[in-house]
Amino acid sequence: MPAAGEFDPLQSTFKRIHFTSKSFQVVLKGSCASVFRQLLSFIHWPRFPKRDHLFVLISVEEENPEFWRSSAQNTLRSALSRKLNSNVAKNIVLFLGDGMGVTTITAARILKGQLQNRSGEETVMNMDTFPFVGLAKVYTVDFQIPDSAATATAYLCGVKTNLNTVGVSAAARNGVCRSQKGNEVTSILKWAKDAGKSVGIVTTTRVQHATPAASYAHSASRTWYSDADLPTSAVTGGCMDIASQLLRNTDIDVIIGGGRKYMTPKGFPDPEYPTDLKAQGQRKDNRNLINEWLSMKEGKVARYVWNKTDFDAVDPEKTDYLMALFEPGDLRFDVERDPSMDPSISETTEKAIRILKKNPKGFFLLVEGGRIDQGHHDSRASMALHEAVALDDAVARGLELTNEEETLTIVTADHSHAFTFNGYPFRGNSILGKSPIFAMDLLPYTTLMYGNGPGHKITNNKRPDIRNVDTTDKDYVQQAAVPLDSETHGGEDVALFARGPMAHLFQGVYEQNYIAHAMAFAACVGTNQEHCAATAEPDKTPFTSIDPGSSAPNTPFGAMTTVMLSITMSVLLH
């Protein structure tokens with residue numbers, strides 16, 4: 001006990017330490033709260049606005065080995081009680097996180113928990129509740145590391161192909177129009193339509209972008225969005241732009257995303273941004289594909305909308321066809337989205353399902369969280385992770401609107417990114433924060449970084465000093481090892497989560513093109529229909545919670561040593 005007037009480090013550091021039977025609370029005060037804020041920042045400030053104090057709830061029950069044994073036993077019992085669902089899949093909902101590699105899933109899981117005032121690591125995502133998980137190999141025929149066009153052709157059309165080509169086999173060459181003739185391959189969206197099902201695409205990018213395009217188009221180049229993008233050789237060779245193929249190739253019931261400017265004549269003013277020249281129509285052929293689409297649906301109830309007010313007014317029960325294009329190009333990032341103008345991916349997913357599910361023969365729906373990828377290319381991890389969280393919310397909405405006995409739901413990615421989760425951050429450290437230990441150059445670094453990208457900045461042979469930088473800001477660009485204008489994809493396997501009829505077919509490690517064949521088998525579309533005549537009675541599949549909660553309660557006792565060590569290291573190093 002210090003004598004009167006002496007400095008007491010504990011009194012200087014802690015405003016209050018409160019113990020309960022299962023946990024203890026630590027409230028740091030004064031300058032120490034500022035020092036430790038980055039280290040222990042999983043409690044969000046809107047709830048505790050006084051920034052000279054920091055509130056922390058430390059879980060201690062996890063120190064008891066019985067906690068982990070009990071948790072493992074519960075998981076084991078769930079696995080042992082699982083029954084295979086061998087029904088025919090009346091419906092298929094494929095959620096595709098563009099660029100959502102395993103590191104992105106892990107980081108998004110932590111972010112989702114921290115947005116709910118949890119530590120984050122123990123959070124359970126909606127996709128985490130899917131009982132069957134596999135790994136898909138994503139290389140293309142010509143490259144080790146793929147792009148979204150070649151991968152979409154693989155998991156939608158069932159064949160691997162070359163980089164930058166969509167809906168064609170590897171016999172086609174990137175950008176060579178004449179090479180695509182005779183090498184077109186069709187997708188599971190078309191197989192489903194041919195089987196009498198309703199079909200739809202929902203994306204947060206333009207609907208002519210690589211992922212949705214592979215479901216309906218055949219193009220030697222993924223960038224031939226409108227006829228204005230076709231090179232002379234493609235025009236003379238008779239190749240058709242992707243936007244035109246959206247109308248011509250397959251009768252798609254629901255089309256939701258962005259891409260208005262590829263559908264209207266050059267100079268046509270955008271309804272939302274009439275004075276923005278970049279938002280104007282781009283077509284050289286003077287066609288208005290939106291009007292053409294509406295005229296093609298004569299005798300049906302077809303709606304075209306471009307804003308949320310009109311979108312909300314669409315009655316799924318009275319609508320046969322819906323085209324909703326909310327931006328001239330890609331949609332806005334979810335954290336920048338104007339909720340009064342643009343619906344969330346959960347809302348668009350719900351509208352699509354409610355329209356499609358009226359078909360007694362079922363439906364196929366592709367839902368793409370496409371801007372995860374674009375956030376990563378910009379090296380803005382916050383943007384990418386919030387997009388992944390939004391996609392996971394859409395997964396929950398999809399599960400609520402469908403019956404697991406008859407609906408196969410899949411969540412996967414096309415490829416990953418050069419994205420790392422590194423250092424030794426303490427439990428509950430902000431996923432967008434900094435490592436508590438400095439690097440050899442005596443500067444801090446974030447726990448999320450990129451192998452390459454625009455975040456590479458060296459001045460006087462030193463990295464930027466980010467001690468006073470808010471790395472949780474949505475526009476913060478994570479540091480990178482190699483300088484590039486745009487961060488690249490990664491080449492490791494991607495995870496696939498499946499539940500519903502024939503979900504067990506997606507276990508193991510397989511080529512990415514297998515996914516299309518397994519989906520087709522499950523739904524009895526395309527080839528492999530020998531098993532479809534006599535199907536098993538629906539199994540009683542045990543209920544799997546979709547509550548994105550926590551695998552560990554926010555409780556329990558001993559972590560005081562860890563906290564004190566954290567504080568000591570933070571004082572010494574920061």
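For clarity, every value in this text was computed on a predicted model and none was experimentally measured. All residue numbers refer to position in the chain's written sequence, counted from 1. Since the coordinates come from a predicted model, pLDDT governs what is reported: local features require at least 70, and pairs of side-chain atoms require 80 or more to be given and counted, while whole-chain, interface and lining totals use all residues. Just so you know, side-chain values use all the structure's heavy atoms and leave hydrogens and water out.

Turning next to the overall build of the chain. Looking only at helices and strands, the chain has 17 helices and 18 strands in total. Counting all 574 residues of the chain, 55% fall into the buried class. Contact between two residues is taken to exist if any of their heavy atoms lie within 4.5 Å; hydrogens are not considered. A separation threshold of at least 6 residues defines the contact pool for the chain, and within that pool the share at least 24 residues apart is 73%. If you sum the accessible surface of the chain, you get close to 24200 Å²; carbon and sulfur atoms cover 54% of it. Numbering of helices and strands runs from the N terminus, with a helix taken as a DSSP run of H or I at least four residues long and a strand as a DSSP run of E at least two residues long. Accessible area is worked out with a 1.4 Å probe on protein chains only. A residue is then buried under 20% of its type maximum, exposed over 50%, and partly exposed in between. Here, Shrake-Rupley sampling with a 1.4 Å probe gives the accessible areas, and only protein chains in the shown set may cover a residue.

Further remarks concern the environment of Y304. As for its placement among the helices and strands, Y304 is situated in strand 8 (residues 302–305). Each C-alpha atom of the pair Y304 and Y321 lies 8.5 Å from the other, and the pair is 17 residues apart in sequence. What Y304 contacts, discounting residues up to four positions off in sequence, is R260, I290, W293, L294, M323 and L325.

Time to look at the pattern of salt bridges. Note on definitions: salt bridges are taken to be side-chain nitrogens of Lys or Arg within 4 Å of carboxyl oxygens of Asp or Glu. If you walk through the whole model with that rule in mind, you get 34 salt bridges. Two residues, R427 and E122, come together in a salt bridge whose shortest N-O distance is 3.0 Å. With R427 in the loop between strand 13 (419–421) and strand 14 (448–453) and E122 in the loop between helix 4 (102–115) and strand 5 (132–137), this pair connects stretches of sequence that are 305 residues apart. On the basis of relative accessible area, R427 is assigned to the partly exposed category, the value being 41%. For E122, a relative accessible area of 8% translates into the label buried. When the shortest N-O distance is used, the salt bridge between K297 and D251 registers 2.7 Å. In this pair, K297 is assigned in the loop between helix 11 (289–296) and strand 8 and D251 in the loop between helix 10 (242–248) and strand 7 (254–258), connecting sequence segments 46 residues apart.

Within the element layout of this structure, N91 appears in strand 4 (residues 91–97). Reaching out from N91, the side chain makes a polar contact with the backbone nitrogen of F363 at a distance of 3.1 Å. The residues contacting N91, other than those within four sequence positions of it, are G362, F363, E406, T407 and L408. Residues adjacent in sequence count toward polar contacts only when both atoms are side-chain atoms; beyond that, a polar contact is any pair of N or O atoms within 3.5 Å, and within protein one must be able to donate a hydrogen and the other to accept it.

Here we come to the packing of helix 4 against helix 15 (residues 381–401). Helix axes are fitted to C-alpha atoms over the stretch in contact, other axes to C-alpha atoms as well, and angles between N-to-C directions run from 0 to 180 degrees. It is at 9 Å that the axes of helix 4 and helix 15 come closest, and there the two elements cross at 80°. In terms of axis orientation, helix 4 runs roughly perpendicular to helix 15. Facing T104, A107, A108, L111, K112 and L115 of helix 4, the residues of helix 15 in contact are L385, H386, A388, V389, D392 and D393. These descriptions rest on fixed angle ranges, namely under 35 degrees for roughly parallel, over 145 for roughly antiparallel, 65 to 115 for roughly perpendicular, and the rest for oblique.

So, on to the packing of helix 5 (residues 148–157) against helix 16 (residues 514–523). Helix 16 packs onto helix 5 with a crossing angle of 25° between their chain directions and a minimal axis gap of 5 Å. One way to sum up the angle between helix 5 and helix 16 is to call them roughly parallel. Between helix 5 and helix 16 lies a crossing whose hand is right-handed. Between helix 5, through A154, Y155, L156 and C157, and helix 16, the contact on the second element is made entirely by I515, A516 and M519. Left-handed describes a crossing whose near helix is turned anticlockwise from the far helix through less than a right angle; right-handed describes the clockwise counterpart.

In the UniProt entry, the feature "binding site: Zn(2+)" (unreviewed entry) is given for D98, D373, H377, D414, H415 and H489. As for its position among the elements, H377 is in helix 14 (residues 371–377). For H415, a relative accessible area of 0% gives the class buried. In this view, H415 contacts D98, G99, M100, G101, P146, D147, S148, T151, D373, H489, G490 and V494; residues no more than four positions away in its chain are not counted. Within the structure, H415 has its side chain in polar contact with the side chain of D98 (distance 3.2 Å). UniProt positions are given in the numbering used here, feature names are shortened, and annotations may be inferred rather than shown by experiment.

Among the nonpolar cores identified, the biggest contains 112 residues, and L156, F364, F506 and M519 are the most heavily contacted of them. Considering every element that reaches this core, the biggest residue donor is helix 15, with 11 residues. In contact with F506, not counting residues within four places along its chain, are V133, G134, L408, I410, L496, A498, I515, A518 and M519. Residues belong to one nonpolar core when they are buried, are Ala, Val, Leu, Ile, Met, Phe, Trp, Tyr or Cys, and are joined through side-chain atoms within 4.5 Å. Listed in part, the six residues of the second largest apolar core include A220, W224, L230 and C239.

Take empty space enclosed by the protein next. Method remark: on a 1 Å grid restricted to protein atoms, a set of points is classed as a cavity if a 1.4 Å probe fits but cannot get out and as a pocket if it is open with protein on both sides within 12 Å along at least five of seven lines; lining residues have an atom within 4 Å of a point. Grid points are joined across faces, edges and corners, and a volume is the space filled by probe spheres set on the points. Counting across every chain of the model gives one cavity of 30 Å³ or more. Taken as a whole, the largest cavity spans an internal volume of roughly 130 Å³. Every element with two or more residues in the lining of the largest cavity is listed here: strand 6 (198–206), helix 13 (345–356) and helix 15. In terms of residue count, helix 15 provides more of the lining of the largest cavity than any other element does, three residues in total. Side-chain classes follow a simple rule in which Ala, Val, Leu, Ile, Met, Phe, Trp, Tyr, Cys and Pro form the nonpolar group, Asp, Glu, Lys and Arg form the charged group, and the remainder, Gly included, forms the polar group. Of the residues in the lining of the largest cavity, the class split is five nonpolar, five polar and five charged.

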